[in-house]
Amino acid sequence: MEDRYLQETGAWLQENAGIRLPSVIRLEDLEQVLAEKLEILVERDFQQFVLLLYQVDVSEKKVKEILSTQNYPDVYRSVARLIIERQAEKIKSREIYRQPPESFNNDEEKW
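This is a predicted model, so every value here is computed, not measured.

Criteria and thresholds
Residues numbered from 1 in each chain as written. Predicted model: local features only at pLDDT ≥ 70, side-chain atom pairs only at ≥ 80, totals over all residues. Heavy atoms only, no water. Helix = DSSP H or I, 4+ residues; strand = E, 2+ residues; numbered from the N terminus. Buried < 20%, exposed > 50% of the residue type's maximum accessible area, 1.4 Å probe, protein only. Contact = heavy atoms within 4.5 Å. Core = buried A, V, L, I, M, F, W, Y, C linked by side-chain atoms within 4.5 Å. Salt bridge = Lys/Arg side-chain N within 4 Å of Asp/Glu carboxyl O.

## A short note on the side chain of Ser78
Tracing the chain through its elements places Ser78 in helix α5 (residues 74-98). Ser78 sits in the buried class, given a relative accessible area of 10%. Those residues within four positions of Ser78 in sequence are excluded, and the remaining contacts are Ile66 and Gln70.

Encoded structure:
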């Protein structure tokens, strides 16, 4: 994963999942911190856990597959990885569609 997507994903998770991260984020560290947060949410506030999955738009099918095939504590790390990957995909997608097409960069008539 590109560093800029990782940094943006980390910033989003700090804001929306309430996790604390160092200024320089590594994928492994982000996975670990998020996995710990997910475990706490499942134990104390399951509704927040589900809300986070919904906000990130993680595939329900993938989450169910992880829950049915993996054991503690790997399950939290795998769900964390899904969240990170999905959030990075959303950031990439926004970046692609935010840029105007090449043909609109000059002064041609624009609809």
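## Section: the nonpolar core
Core analysis: the largest hydrophobic core is formed by 25 residues, its most contacted members being Leu13, Leu30, Leu38 and Ile83. Sorting elements by how many residues they give to this core places α5 first, with seven residues. Setting aside anything within four residues of it in sequence, one finds Leu38 in contact with Phe49, Leu52, Tyr76, Val79, Ala80 and Ile83.

## A closer look at the pattern of salt bridges
This model, assessed by the stated rule, comprises eight salt bridges. In this structure, Glu95 and Arg4 form a salt bridge, with 3.3 Å as the shortest nitrogen-oxygen distance. Within this pair, whereas Glu95 is found in helix α5, its partner Arg4 is found in helix α1 (residues 3-17), the two being separated by 91 residues in sequence. When its relative accessible area of 42% is taken as the criterion, Arg4 is described as partly exposed. With a shortest N-O distance of 3.4 Å, Arg86 and Glu89 are connected by a salt bridge. Within this pair, Arg86 and its partner Glu89 are both found in helix α5, separated by three residues, close to a single helical turn. Residue Glu89 is classed as partly exposed on the basis of its relative accessible area, which comes to 43%. Each member of the salt-bridge network shares a partner with another, and the members are Arg26, Glu28 and Asp29.

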